[in-house]
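Breakdown of the fold
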Amino acid sequence: MNRKVLVITEMKGAALRQVSLEGVSIGKKMAGSGTLIAAVFGSQASPHVEALGEHGADQVLLFPDALFDAYHSDIYYQAFVQAIQETNPDVIIAGHTANMKDVAPRIASRFGYGLVTDCTHVEFEGDEPVYVRPIYAGKAFEKKRFTSDTMFVTIRPNNFKAEPLRERATPEVIPCEAGSVDLRTVIRDIVLKSTGAIDLAEAKIVVSGGRGIKSKDGFQPLQELAAVIGGAVGASRGACDEGYCDYGLQIGQTGKVVTPDLYIACGISGAIQHVAGISNAKTIIAINKDPEAPIFQIADYGVVGDLFEIVPLLTEEFRKKLA
Ligand code: FAD
C-alpha cells in the first residue's frame, strides 16, 4: 500500500480538533508506505505541527493567515483547492463537522471525486479500503468502495482512535499563502452561543436533558454532574422546543450526532429521532421515571426514578470517588 493521503484539519480557537488527529491516524493506515500530508489553517495553527507529526504526518501544509481563524466557505474552499492542487492526493480525509459538510461536496464536485460522508469505520479488504457509514438514521450500515481514482472521505468524530506513533516528530512544513478570493458573502459578526466549553460532537461524556427536566433551571443538576465528570451537556429536541436550552445542544437526527464513551439521558423518552444521534455511544445510562420509556430498550443501564433525586446523588458519589 503506497498512497498519498491529505488530511484537512480544523481548529477550534487555539486548539486542534480531536477529529483532525483521528483523521491523521486513520490516514496513516491508508497511506501505508506512502505520504501523509496534513493541512492546517489559521494564526494559531503552527504550535500543532509537532502533534500532527507524532500522529503520523510526514508533511504539513501550513496556512498561517488570520483569514482562516473564522470559517468562511469561500476562503476555505479556495485554500482546499490550493492544497489539493499542490499535493495531488489519492485520498482526502476531513472531519464530518458542520464546516466540512459545507465545503466537502463543493470540493468533490469541482474535482469530480467520489465522496463518502459520515464514515464511522474503515475495513481493509487486502489493500482496498471499504468505508462503513450509517444509514436510515443509524439503524443500518452500508459499505462503500470508490470507483474514482481519488477518494474523499469525511469521518464522524470519536469513531476512530487518535494514536500517537512516535514521541517527537518534525514533519516537513510547507508554508502556504491564502490565494485571492472573490467573496460572495461577507461575515460581519460572529455570535457565539454558550453551549459549554466541551465540544458536544467530540465529548467523551455527555449528560443530556429532555422534556423531563421541566424548566431552564432543571438543567442545573445536569450541568453540575457534567462538570464533576468532565462531560458536555446535551439535550433532546423536546427540551429545546420547550425553550429550556439552545438548539445548539440538540442531539439526534436533526441535531448533533455524538459518539461518547458514556451518554447519560435524563428525562428523555428515547424517540427514534433522538436515538439516531446516540446509536454509536459506547455506554448509555437512562434515568426516567416511566419504566416503559423506550429509552430503556437501548440503554445499557437504566434507573427508574425522578431525575431530580437521582442526578444529585450521582454527582455526590462521583465527587467523592474523584476527589
Ligand atoms: P418526551 O418524549 O416528552 O419525554 C420526556 C420524558 O421525561 C418522558 O419519558 C418522561 O417519563 C420523562 N420524565 C418526566 N419527568 C421526569 C423526571 N422528573 N425524572 C425522570 N424522568 C422524567 N428529537 C430529538 O431529540 N432530536 C432530534 O434531532 C429530533 N429530530 C426530529 C426530526 C423530526 C423530523 C421529527 C418529526 C421529530 C424529531 N425529534 C427529535 C422529536 C422526537 O420525535 C421527540 O419528540 C423528542 O425527542 C422528545 O423529546 P423528549 O424525550 O425530551 O420528550
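Residues numbered from 1 in each chain as written. Predicted model: local features only at pLDDT ≥ 70, side-chain atom pairs only at ≥ 80, totals over all residues. Heavy atoms only, no water.

Re the sheet that holds strand S4 (residues 35-41)
Filter applied, for reference: Between any two strands, pairing holds if DSSP finds at least two bridges. Helix numbers and strand numbers start at the N terminus; a helix is a DSSP run of H or I with at least 4 residues, a strand a run of E with at least 2. Axis definition: a line fitted to C-alpha atoms, over the contacting stretch in the case of helices. Angles run 0 to 180 degrees between N-to-C directions.
Read across the open sheet, the seven strands follow the order S7-S11-S6-S1-S4-S5-S12; overall the sheet is parallel. With one partner strand each, in any of the chains shown, strand S7 (114-119) and strand S12 (172-175) form the two edges of the open sheet. If you compare each strand with its neighbour and ignore which way they point, the axes differ by 20 degrees on average. Across four bridges, strand S1 (residues 4-8) lies against strand S6 (residues 91-95) in parallel orientation. Across the sheet, Val 7 pairs through a bridge with Ile 93, a residue of S6.

Concerning the UniProt feature "domain: Electron transfer flavoprotein alpha/beta-subunit N-terminal" (unreviewed entry) in the chain
Put simply, the rule reads: UniProt positions are given in the numbering used here, feature names are shortened, and annotations may be inferred rather than shown by experiment.
UniProt annotation of "domain: Electron transfer flavoprotein alpha/beta-subunit N-terminal" (unreviewed entry) refers to residues 5-187 when read in the numbering used here. Annotated as 27% helix and 32% strand, the span residues 5-187 places its first and last C-alpha atoms 32 Å apart.

A short note on empty space enclosed by the protein
One simple way to see leftover space: roll a probe sized like a water molecule over the atoms. The test is simple: In the cavity and pocket records, a cavity denotes points on a 1 Å grid over the protein atoms alone where a 1.4 Å probe fits but cannot get out, a pocket denotes an open set with protein on both sides within 12 Å along at least 5 of 7 lines, and lining residues are residues with an atom within 4 Å of a point. Grid points are joined across faces, edges and corners, and a volume is the space filled by probe spheres set on the points. Side-chain classes are defined by residue name, with Ala, Val, Leu, Ile, Met, Phe, Trp, Tyr, Cys and Pro counting as nonpolar, Asp, Glu, Lys and Arg as charged, and the others, Gly among them, as polar.
Enumeration according to the criterion identifies one cavity of 30 Å³ or more in this entry. Put simply, the largest cavity is a space of about 30 Å³. Residues belonging to the lining of the largest cavity are distributed by class as follows: six nonpolar, three polar and no charged.

Things to note about the pairing of strand S9 (residues 128-135)
Put simply, the test is: Whether a residue is buried, partly exposed or exposed follows from its accessible area with a 1.4 Å probe, protein chains only, as a fraction of its type maximum: under 20%, in between, or over 50%, in that order.
The buried fraction of S9 amounts to six of the eight residues, a majority that puts the element mostly inside the structure. Note: strand S8 (residues 121-125) against S9, five bridges, orientation antiparallel. Bridging across to S9, Glu 125 finds its partner in Glu 128. In sequence, S8 turns back onto S9 through a hairpin of two residues, with Gly 126 there showing a positive phi of about 65 degrees. In terms of strand pairing, S9 meets strand S10 (residues 140-144) through five bridges, oriented antiparallel. Across the sheet, residue Arg 133 finds its bridge partner in S10, namely Glu 142. Between S9 and S10, which follow one another and run antiparallel, lie four residues, and Tyr 136 among them has a positive phi close to 45 degrees.

Focus on the packing of helix H5 (residues 220-229) against helix H9 (residues 307-322)
Two quantities define a packed helix pair, namely the angle between the helix axes and the distance between the axes. Test applied: With respect to orientation, any angle under 35 degrees is reported as roughly parallel, any angle over 145 as roughly antiparallel, any angle of 65 to 115 as roughly perpendicular, and every other angle as oblique. We call a crossing left-handed when the near helix sits turned anticlockwise from the far one by less than a right angle, and right-handed when that turn is clockwise. Working rule for contacts: check all heavy atoms of both residues, and any pair within 4.5 Å makes them a contact.
Where H5 meets H9, the closest approach of the two axes is 9 Å, and the angle between their N-to-C directions is 20 degrees. The orientation of H5 relative to H9 falls into the category roughly parallel. Handedness of the H5/H9 crossing: left-handed. Contact residues: Pro 221, Leu 222, Glu 224, Leu 225, Val 228 and Ile 229 in H5; Leu 307, Phe 308, Val 311, Leu 314, Thr 315, Phe 318, Arg 319 and Leu 322 in H9. When grouped by side-chain class, the residues that make up the contact of H5 with H9 number 11 nonpolar, one polar and two charged.

Some remarks on the side chain of Thr 154
Note the threshold: In the analysis that follows, any N or O atom pair within 3.5 Å is treated as a polar contact, provided that within protein one partner can donate a hydrogen and the other can accept it, and provided that, for residues neighboring in sequence, both atoms belong to side chains.
Of note, Thr 154 is situated in strand S11 (residues 151-155). Residue class for Thr 154 comes out buried when judged on its relative accessible area of 1%. A distance of 2.9 Å separates a polar atom in the side chain of Thr 154 from a polar atom in the side chain of His 96. With sequence-adjacent residues up to four places away left out, Thr 154 is seen in contact with Ala 94, Gly 95, His 96, Ala 104, Val 116, Thr 117, Asp 118 and Cys 119.

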